[in-house]
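# Observations on the model geometry
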Amino acid sequence: MKITKIMGLLAGAALLTTTAVGSVHARDQIQIVGSSTVFPFSTSVAEQFGQKTSFKTPVVESTGSGGGMKLFCSGVGAGSPDITNASRRIKEKEFKLCADNGVTPVEVKIGFDGIVLANAKNGPELSITREQIFKALAKEVPGSDGKMIANPYKTWADVDPSLPNIKIEVLGPPPTSGTRDAFVEIAMEGGAKKIETLAALRKADKNAFKKIAHAIREDGAYVEAGENDNLIIQKLEANSNAFGIFGFSFLDQNADKVRGATVNGVEPEFENIAAGDYQISRSLFFYVKKEHVGVIPGIEEFVAEFTNEDTWGEDGYLADKGLIPLPDDEREAVAESAQAMAPMSF
Amino acid sequence: MTDTTNTYVKTASLEERRSLQKKRYASERKFKYLGLGAILVSLGFLVMLLMTIVGNGIPAFTYNYVKLPIDLTKVDPEKPEKANYGKFVKSAIADAIPYMSDRKGKRLARGLVSGGAAIDVRNQVVGDVSMAGQNADVEVPVSDFADLYLKGLTAKPILTKPDAAIKVSDVEGDVDVTLSAAVFDEFLARVKETISSEASRLNTRMANLQLSLDNQREIAANSQDTLAVESAKKSITSLEAQLAGFKTKFDALIVRRNNTAAREVLDTSMPSLLLKVGGGVVKITEVEGMSAKGEVIIPLEQKEASAGEWQMQEILEAEENRKFSDKEVAVVDRLVAEGRIENRLNTIFFKKGASREPELAGIWGAVVGSFFTMIITLALSFPLGVAAAIYLEEFAPKNKFTSIIEVNINNLAAVPSIVFGLLGLAVFLNFFELPRSAPLVGGMVLALMTLPTIIIASRAALKAVPPSIREAALGVGASKIQAVFHHVLPLAMPGILTGTIIGMAQALGETAPLLMIGMVAFVVDVPAGIFDPATVLPVQIYMWADFPEPGFQQKTAAAIMVLLGFLILMNAIAVLLRKKFERRW
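Just so we're clear, the structure is a prediction, and the values are computed from it rather than from any experiment.

Basis of the calculations
Residues numbered from 1 in each chain as written. Chains lettered and ligands numbered in written order. Predicted model: local features only at pLDDT ≥ 70, side-chain atom pairs only at ≥ 80, totals over all residues. Heavy atoms only, no water. Helix = DSSP H or I, 4+ residues; strand = E, 2+ residues; numbered from the N terminus. Buried < 20%, exposed > 50% of the residue type's maximum accessible area, 1.4 Å probe, protein only. Contact = heavy atoms within 4.5 Å. Pairing = 2+ DSSP bridges. 1 Å grid on protein atoms, 1.4 Å probe; cavity = no way out; pocket = protein on both sides within 12 Å on 5 of 7 lines; lining within 4 Å. Points joined across faces, edges and corners; volume = space filled by probe spheres on them. Nonpolar A, V, L, I, M, F, W, Y, C, P; charged D, E, K, R; others polar. Domains from an automatic or database assignment. Buried area = accessible area lost by both parts, 1.4 Å probe. Polar contact = N/O pair within 3.5 Å; in protein donor to acceptor, adjacent residues only side chain to side chain. Disulfide = S-S within 2.5 Å. Salt bridge = Lys/Arg side-chain N within 4 Å of Asp/Glu carboxyl O. Axes fitted to C-alpha atoms, helices over the stretch in contact; angles between N-to-C directions. Phe/Tyr/Trp six-rings, centres within 6.5 Å; stacked < 30°, edge-to-face > 60°. Lys NZ or Arg CZ within 6 Å of the ring centre and 35° of its normal. Core = buried A, V, L, I, M, F, W, Y, C linked by side-chain atoms within 4.5 Å.

A tally of helices and strands in chain A yields 16 helices and 13 strands. Once the C-alpha set of chain A is aligned to its principal axes, its extents read approximately 80 × 60 × 45 Å. Looking at chain A as a whole, 54% of its 346 residues qualify as buried. Look at the contacts in chain A between residues 6 or more apart in sequence, and 72% of them connect residues 24 or more apart.

Attention now goes to the pairing of strand β13 (residues 281–289) of chain A. All names here are of chain A. By the criterion of burial, β13 is predominantly enclosed, with 9 of the 9 residues buried. Pairing between strand β3 (residues 83–86) and β13: 4 bridges, direction antiparallel. For I83, the partnering residue across the bridge sits in β13 and is V288. The pairing of strand β4 (residues 105–120) with β13 spans 9 bridges and is classified as antiparallel. By the bridge assignment for β13, E107 is matched with Y287.

Time to look at the pairing of β4(A). Residue and element names in this part refer to chain A. With 16 of its 16 residues buried, β4 lies for the most part within the structure. Strand direction decides the pairing type here: β4 and strand β10 (residues 243–247), joined by 5 bridges, are antiparallel. Of the residues in β10, the one forming a bridge with L117 is I245. In the sheet, β4 pairs with strand β11 (residues 258–260) via 3 bridges, with the strands oriented antiparallel. Its bridge partner lying in β11, A118 is registered against G260.

Glancing now at the layout of surface pockets. Of the voids in this model, the second largest pocket is the one considered here, and its volume is about 1400 Å³. Around the second largest pocket sit 36 residues that line it, and A:K135, A:Y153, A:V159, B:A228 and B:S231 are the ones nearest its centre. At 9 residues, helix α8 (residues 226–258) of chain B tops the list of elements feeding residues into the lining of the second largest pocket. The class makeup of the residues in the lining of the second largest pocket is 15 nonpolar, 13 polar and 8 charged.

Moving on: the domain arrangement of chain A. Residues and elements named next belong to chain A. The domain boundaries assigned to chain A delineate domain 1 (27–113 + 282–339) and domain 2 (114–281). Taking the mean C-alpha position of each, domain 1 and domain 2 sit 29 Å from one another. Contact residues are listed per partner, giving 13 residues for domain 1 and 17 residues for domain 2. Regarding the contact of domain 1 and domain 2, the summed buried area is about 1100 Å², with carbon and sulfur atoms giving 55% of it. Of all residues in domain 1, the largest losses of buried area upon contact with domain 2 belong to D113, R282 and I324, amounting jointly to 52% of the total for that side. Where domain 1 touches domain 2, the interface holds 2 residue pairs in polar contact (both at pLDDT 80 or more). Of all elements in the fold, only β4 and α15 (317–320) reach the threshold of two or more residues within the side of domain 1 that touches domain 2. Of the residues contributing to the side of domain 1 that touches domain 2, the split by class is 5 nonpolar, 4 polar and 4 charged.

All names here are of chain A. Throughout the structure, instances matching the rule amount to 1 disulfide over all chains. Paired through a disulfide, C73 and C98 show a sulfur-sulfur distance of 2.0 Å. On the sign convention where negative is left-handed, the bridge of C73 and C98, at about -70 degrees about the S-S bond, is left-handed. You can see C73 sitting in the loop between α3 (65–72) and β3 and its partner C98 sitting in helix α4 (residues 92–100), a full 25 residues away along the chain. An identical accessibility class is assigned to C73 and C98; each is buried.

Let us look at the interface of chain A and chain B. In this assembly, 50 residues from chain A lie in contact with 58 residues from chain B. Along the contact surface separating chain A from chain B lie 4 salt bridges. B:E357 is paired through a salt bridge with A:K321; the nearest N and O atoms lie 3.5 Å apart. At the junction of chain A with chain B, the criterion picks out 16 residue pairs in polar contact (both at pLDDT 80 or more). At the level of elements, α1 (2–20), α2 (39–52), β2 (59–61), α10 (229–238) and α11 (248–253) of chain A are the ones that each hand at least two residues to the side of chain A that touches chain B. Among the elements that line the side of chain A that touches chain B, the one with the most residues is α1(A), at 9 residues. The residue makeup of the side of chain A that touches chain B, split by class, is 20 nonpolar, 18 polar and 12 charged.

It is worth spelling out the sheet that holds strand β12 (residues 341–345) of chain B at this point. All names here are of chain B. In spatial order, the strands read β2-β1-β12; together these 3 strands make up an open sheet with antiparallel pairing. The open sheet has two free edges, formed respectively by β2 (135–141) and β12, since each of these has just one partner strand. Ignoring strand direction, the axes of neighbouring strands in this sheet form an average angle of 40 degrees. Bridging between strand β1 (residues 62–71) and β12 involves 5 bridges; their strand directions are antiparallel. Its bridge partner being in β12, V66 is matched across the sheet by I341.

Here we take up the domain arrangement of chain B. Put simply, an interface is often sized by how much accessible area is lost when its parts join up. According to the domain assignment, chain B consists of domain 1 (2–56), domain 2 (60–150), domain 3 (158–321) and domain 4 (358–581). The gap between the C-alpha centroids of domain 2 of chain B and domain 3 of chain B is 39 Å.

Let us now look at the packing of aromatic side chains. Using the criterion set out here, one finds 20 aromatic pairs over all chains in the structure. With centroids separated by 5.5 Å and ring planes inclined at 85 degrees, the aromatic side chains of A:F49 and A:F302 adopt a geometry described as edge-to-face. In this pair, A:F49 is assigned in helix α2 and A:F302 in helix α13 (residues 299–306), connecting sequence segments 253 residues apart. Like A:F302, A:F49 is buried. Geometrically, the ring pair formed by A:F285 and A:Y287 is stacked, given 6.1 Å between the ring centres and 25 degrees between the ring planes. Connected via pairs of aromatic rings, a cluster forms that spans A:F39, B:F61, B:F349, B:F350, B:F522, B:W544, B:F547 and B:F552. The ring of A:F72 carries A:K289 above its face, with NZ or CZ at 5.1 Å from the centroid.

Our focus in this paragraph is the nonpolar core. In terms of nonpolar packing, the biggest core is built from 137 residues, with A:L137 and A:F246 touching the most fellow members. It is helix α19 (residues 551–581) of chain B that contributes the most residues to this core, 9 residues altogether. Apart from residues lying up to four places away in sequence, A:F246 is in contact with A:G114, A:I115, A:V116, A:A118, A:D229, A:I232, A:I233, A:L236, A:L251 and A:V258. Listed in part, the 47 residues of the second largest apolar core include B:I70, B:V142, B:A146 and B:V331.

If you want it as structure tokens, here you go:
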């Protein structure tokens, strides 16, 4: 019977694929994991690297900074990734995990990313300080007697009369996102420090302070809008009273639709972030597994391509994608140590 | 119900029976309309969804290419891949757009051509070595923003041929424009409109400020708290200063608006006006009814033109609100007029893998990845699933053990797909040490997910075969296995195949289980086998939807159309199979 023959063939194929399980492939292609913020830059470089050299184009996965570190530090060998991207520095715990598993990370700082608070072009212009951001978005703020109370502010004007008199409505990333981590650490914590009662608390009990500074309100004023920043921009276009939190590269690419709020008098512009004037910005990194250099072909060349002036320089192609380059001298120093594969120390 | 029937039998008169019948018919009609309504509503939503996707996706199937006179005489035909194509493309752009000669202009011109042009030219030359040594027109993709403009998706210029003669004071630099009739009036009115809306925006802001000011004044007057009073007083002074500043601005705007004939200086927040005169383009910077000041973007050949021989190009979208400047509009329009730009089928989209440049991104890598993954899924889940179904349905004794298995299979069908991904990570990657991102592993994980569907569908199909067939086969002396494989299985096959195809279609659209095993990745190279890193169609859609460049939005919709096409094809095959082999008893 025909059908039984087909069945037999398919069963044979199934057997074949299961036996293939035994033969592990040696890898000749770089594997990159890590931060979704660095993903657009890393993929750009991977593509150019694949076109310019005879190596295969690296495979880049977007796993988030934390997830990338976990994979990266899990061990040495073809089964683990060669490079991980991070939108923050490696944590001490992660560095220790790496060391325990025999992984020596080489740190490469690639540039800065600004985090912007933006709204639709036809909405009100916003000029805000970090202190006001904290007051508008924190779960608990100090009341008039200095005791912590649930955030009472309903409109921006409640926070400070110079702000527009509209309901506080902010679309931002969920807690799993590196953008959220950085926003909380830089904008919220930075703002909380400016408030006297909290500054005093910080001196007395750092953990208690952090708990307050890092808690974002959950009463509907802050809406977790998912990891897709394009979606946030679409929602901002539809609702001119809402603000969104996302990376500078999205503001840059959508400058025709949304406008970034001025923070502490500085506009979120390329030059201001590069000069360090714009306060809500963070450094971006990638980490190379030193043990894989020379084993997986092309790692050194990939690092050289990434740290090339045409790539990460002021007129490089990453600047077109929204990466804010490091200052000239720092770029030179990082390139040198990266190309020498100098292991990092904590 | 029984009660009513009783009353009906006992006491209902003809009248009552009629009204009861009427009621029944009415409720039947109501039910019919409700059902029809439900179908219409869902059809409406479906049509809306498809229209948006198709409307967004269609533009991505074509792309605009620009012909550049590229000098390939220096390319060595022996080693065509070694030449510096970036330099060739750069100088070709300068040759094709000679009027953009300063550094800024050159940069702008280069920005109109795709960043991947050099790579594209290299691939063309490597594919056709006879091009080396020639000096020929080569077609390269334009940049994504230029493409969006050419497709009318960013700024839509309005072209008119005004009924007046024009005189321009010079052929380049800053110029004065004079007309024989007041044809700029209409445009001036539009500019005044934007001033008016700016004024009203300012007005609402002032009203808001006034509100806060009143608020603070009240606090200052009534509050017992000296600290609060002090801070309120401070904000009152600052608010008053702000308000006064706004008021002067507002008054100035109102004066400008009311004086309808007054000259206006244009800035980037206002509509743009370009004049195409005597072979060049002038961008207007100051305008009134009959005269204007402007800046030459493309040098003129003649300083004068009579009515009907020159064109006015208005772009209502303010320059700061679009990603395509007036200069870029002028240059691209010129290239179109020269016949250098052509809109044709986007072959890159169907032939290439992923890319970070929207104009170089293709769906083929994902299609091939999906194909390999589906082959593995089919090869594993179909034989296993059907065999399991045959055993459970035909051979297994009915006892506690088999009913536990049955319950578990039904449960598995409802397990969230991400769980299978976690299993794949733990077992296939960490234990068996299979390569990450490979279609082999993806296929294995999806096979696990599809198995319950296939088993359940196959069992239902086997159950539907009448017992008389089995009994007849056994009666003429066939063994049990002969009865099953020669008689029951062929009759159940259409049902089994339908179930399998539906399960496969489900697997084709799945991303969550692939996340954990590394197939949600940026893969440029088109995979050549089941061990190569690959991604699949739905993942490609998800990633394109997430990229910041606006050019990817059309790509996303187009990729959805491709995926939908495959799904419709698979479901159509399922329907056909059922139609062709279906038997009725």
